[in-house]
Amino acid sequence: MTRISRRHPRYGSLVTRARLAAASRSGLVAPEGLIAQGRGEAFDYFLGERTSPGARRAIRAAAVWLVRAHHPVLSVNGNVAALAAPQIAELVRALPRLAIEVNLFHRTQARARAVAAVLAAAGVSPVLGVRPTAVLAGLPSDRARIDARGIARADVCVVPLEDGDRTAALRAAGKRVIAIDLNPLSRTARQADLPIIDELTRALDGLARAVRPIARDPRRGAFPPFDRQAALTEALDAMINRLASHRRPTPRRRRRGPSRRPSPGTARPSHRTRR
Ligand code: PTJ
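Please read these numbers as outputs of a predicted model, since none were measured by experiment.

Rules of the game
- Residues numbered from 1 in each chain as written.
- Predicted model: local features only at pLDDT ≥ 70, side-chain atom pairs only at ≥ 80, totals over all residues.
- Heavy atoms only, no water.
- Near = heavy atom within 4 Å.
- Polar contact = N/O pair within 3.5 Å; in protein donor to acceptor, adjacent residues only side chain to side chain.
- Areas by Shrake-Rupley, 256 points an atom, 1.4 Å probe, with all protein chains shown as cover.
- Helix = DSSP H or I, 4+ residues; strand = E, 2+ residues; numbered from the N terminus.
- Nonpolar A, V, L, I, M, F, W, Y, C, P; charged D, E, K, R; others polar.
- Core = buried A, V, L, I, M, F, W, Y, C linked by side-chain atoms within 4.5 Å.
- Buried < 20%, exposed > 50% of the residue type's maximum accessible area, 1.4 Å probe, protein only.
- Contact = heavy atoms within 4.5 Å.

### Observations regarding the site of the ligand
And step 1. The environment of the ligand is formed by 24 residues, the closest being G78, F105, H106, R111 and D181.
And step 2. One nitrogen or oxygen atom from the side chain of D181 is found 2.9 Å from an oxygen atom belonging to the ligand.
And step 3. Considered on its own, the ligand offers 750 Å² of accessible surface; in the complex 92% of this is hidden by protein.
And step 4. When contributions to the shell around the ligand are tallied by element, the ones reaching two or more residues are α2 (31-47) and α4 (78-94).
And step 5. Here the shell around the ligand takes six residues from α2, the largest share from any one element.
And step 6. In the shell around the ligand, the residues fall into seven nonpolar, nine polar and eight charged.

Structure follows, in structure tokens:
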């Protein structure tokens, strides 16, 4: 792996890229996963690479939903395993009822095993979904292959870096969907019941912190409502405001003076007179 100087102003981002590139070479991350990361990075730039107040509210609401769920499940693909295995382990320590299931778009048995191995090395056990035992209706891709002990019986699913079709299929199956996606315009974010518009590792860290005090409270209640549209609008506003703060005012264009207008009597012939 290339040596990256800690003094580089974008050290964190370069380390993440190098980790994903290595994970792609080993087959854990699909080549398409590198493109997905690039898209995510662009949106994170717009956010200023920090959790917005709106995302913080979404994280707190998601924590309540997870604690109140009977069978909460977190779905893990190649990117998610490569980027956030320690954060997933921390979230499971905060909420041991949370089931962890491998679910891949570009599915091979070797990749499913690689994702499970990375999670196991971080201390997550058991990892479901390596040998799928059920099918999610209405999905043409391999993402339909799910675990009867996990997503199939879940009432709340967390789906980071997901696609819109699966989010819609999960909702059609009666599940509440919490998405983690930096792109507020993605179909996933727009389909989810509770979109968290934030970077994956920051969102998972925030979830673990928010879950702990709620999980200690023995009272249980209904799922508080969440205004998805307001959350998406807030995320877009956060990006627009940041972009606007970097924008220099456009210099006023000089108006053409009257001297450039032809003086009376010297008017250029119109097309009609030329004809
Ligand atoms: O491992 P597999 O085979 O299941 O494939 C996983 C990928 C990520 C390749 C697959 O799910 C995919 O193609 O995803 P998309 O359709 O590119 O969507 C990924 C979404 O996640 C995009 O909207 C990105 O903006 C967003 N995203 C990317 N990186 C991050 C992110 N959101 C939060 N945190 C990130 N680090």
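### Observations regarding unusual backbone geometry
Most peptide bonds take the trans form, and the phi angle of most residues other than glycine is negative.
And step 1. Here S125 and P126 are connected by a cis peptide whose omega angle stands at 0 degrees.
And step 2. Tracing the sequence through the fold places P126 in the loop between α5 (109-121) and β3 (134-135).
And step 3. One non-glycine residue, E49, lies in positive phi territory at about 50 degrees.
And step 4. Position of E49 relative to the elements: it lies in the loop between α2 and α3 (53-68).
And step 5. Here the phi dihedral of L161 falls at roughly 50 degrees; this positive angle occurs in a residue that is not glycine.
And step 6. Residue placement: L161 occurs in the loop between β5 (156-160) and α6 (164-172).

### Here we look at the nonpolar core
And step 1. Counting residues in each nonpolar core, the largest one holds 51 residues, and the members touching the most others are V76, I88, I100, L119, I178 and I196.
And step 2. No other element matches the 11 residues that α4 contributes to this core.
And step 3. If near-sequence neighbours (up to four positions away) are discounted, I100 is found in contact with L74, V76, I88, V92, L119, V124, P126, V127 and L128.
And step 4. In this structure, L136, A169, V177 and A179 belong to the second largest nonpolar core, which totals 17 residues.

Honestly, that's just the spatial picture; any functional story needs more than this.
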